[in-house]
Each structure stands twice: as C-alpha cells, then as structure tokens.
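Residues per chain, in single letters:
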Amino acid sequence: MKLIIASNNKGKIREYKDIFEPFGFLVRSQGEENINLEVEETGTTFEQNAALKARAIYDRAHCCVISDDSGLEVEALGGEPGLYSARYKGLQTEHERRMAVLKGLEGKDNRNARFVTCICFIDETGKEHLFTGIWKGVIAAKEEGANGFGYDPIFISEDGNGKTTASMPLSFKETYSHRAKAVKALIAYLQSRSLPA
Ligand code: IMP
C-alpha cells in the first residue's frame, strides 16, 4: 500500500521510509509522486496545519499520507515562535531566529519552553489520525553546540543534563525528542491495526 510523505526533505523521507516500510507501506515523497502542492499553513495549531497538508495530498492521490508540523513554544514569549518557528519575525537565518528568542527572554526568569510535533496520518479510507509529541525544557543563556538544526543550540531538554540539544549526539534526539515521541505514538497505532494487503 502506498504512503506519501508530505515533504521533499530528503532526511525526513529517509527517516520515514525506515520507519514505515516494515509495516508494508511503499513510502514515496511528494516529489516522487509529482505532486507539486504549496499548501498554505492557515491553521492556528500544529495539528490543524499538519492535517491541512495531509488532506491536500490525500484529495489529490487518494492513498495513505503522512504530514508533520513542528515548532518551539516559549512560555514567557506567549508561546512564540510557535507556528512561526521556521520564519520567526521574518528573520532569514536560524542564528538570527535563535538570537531573537534569547533577546526576547532578556531580564526574564521564566525560561520554560517546549518543542511540539504533530503528525497527521490519513489512512486508506481518508480518516485522519493525529499524534502529538512534546519535549519540555528551558532556553539556554546562549547558543551552544553544533549538532541538529533550528533552535537546538538554545534548547536544554529536561533529560539533557543541562546541555543544549545541539551539544548532544544525534542519537539523543532520536530517543527523546518531540518528533521521536510523535513517531512512537504513530507506530503504536500502526501496530494495533491490521493492515489490509
Ligand atoms: P517543521 O514543521 O518540522 O519543518 O519545523 C518548523 C521549524 O520548527 C523548524 O524550521 C525549526 O525552526 C523548528 N524546529 C522543529 N523541530 C525542531 C528540532 O527538533 N530542533 C530545532 N528546531 C526545530
């Protein structure tokens, strides 16, 4: 059974292939299926945005689809960058966006933050299934570490021993991250249902 990933990010596709092919899916990227959709992320939650992207592809392809949406929420910034994590304040680089978060927290005691991922799986009947993963932590005083991407150099997770996620080996995120948690929930769901041939 075909499963289309609503992304053309090679790393993400490879990761999803490894996870879902053992469940009998033929995993394909949007590009491999010649689906060139630019879906506007008009939702007000990660769940809504993940579902919007997945639904647009399902409506075109009528097969199983997976889409995800993630971001960083900082308590003292009212949940920002949130849905706008990838384009926070219109800043061009990841470094600039990280510095904007650090600046926003200057003089504030509350540095609590969390990463959120929502995965939307649309099954072969068109039914949506949502899986959310949350990774709690705090924002560091300054950037540290070179691994990962995005806000990893300023995020110290609750299980990070005081080190930023970018200072930890990549295998750390594969075990503890928001994305790992959402994927685990989806895997548990797939294991609980019997796949038609
Ligand atoms: P996406 O929806 O997975 O593409 O994530 C949107 C944005 O959230 C990314 O561009 C990053 O800025 C941020 N983000 C999501 N997940 C992570 C993570 O694991 N580490 C650091 N930043 C992340």
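In this text, all values refer to a predicted model and were calculated from it rather than measured experimentally.

Examining the pattern of salt bridges
For the coordinates displayed, the defined rule picks out eleven salt bridges. With its nearest N and O atoms 3.5 Å apart, the salt bridge here joins Lys 53 to Asp 69. Highlighted residues: Lys 53 in helix H2 (residues 46–61) and Asp 69 in strand E3 (residues 64–74), separated in sequence by 16 residues. You can call Lys 53 buried: its relative accessible area is 14%. We note a salt bridge from Glu 73 to Arg 114, for which the minimum N-O separation is 2.8 Å. On the criterion of sequence distance, the pair formed by Glu 73 in strand E3 and Arg 114 in strand E4 (residues 112–122) is long-range, its members being 41 residues apart. Residues joined by salt bridges that share partners form a network here, namely Lys 2, Arg 28 and Glu 33.

What about the sheet that holds strand E2 (residues 26–29)?
Spatial strand order, E2-E1-E3-E4-E5-E6: six strands in an open sheet with mixed pairing. Both outer strands of the open sheet, E2 and strand E6 (155–157), are each paired with one neighbouring strand and no more. Strand-to-strand twist across the sheet, computed as the mean angle between neighbouring axes with direction ignored, equals 30°. Pairing between E4 and strand E5 (residues 128–139): eleven bridges, direction antiparallel. Residue Ile 122 lies in a different strand from E5, and its bridge partner there is Glu 128. Most of the contacts of H2 go to E3, to which it runs at about 160°, and overall it touches strand E1 (2–5), E3, E4 and E5.

Definitions and limits used
- Residues numbered from 1 in each chain as written.
- Predicted model: local features only at pLDDT ≥ 70, side-chain atom pairs only at ≥ 80, totals over all residues.
- Heavy atoms only, no water.
- Salt bridge = Lys/Arg side-chain N within 4 Å of Asp/Glu carboxyl O.
- Helix = DSSP H or I, 4+ residues; strand = E, 2+ residues; numbered from the N terminus.
- Buried < 20%, exposed > 50% of the residue type's maximum accessible area, 1.4 Å probe, protein only.
- Pairing = 2+ DSSP bridges.
- Axes fitted to C-alpha atoms, helices over the stretch in contact; angles between N-to-C directions.
- Contact = heavy atoms within 4.5 Å.

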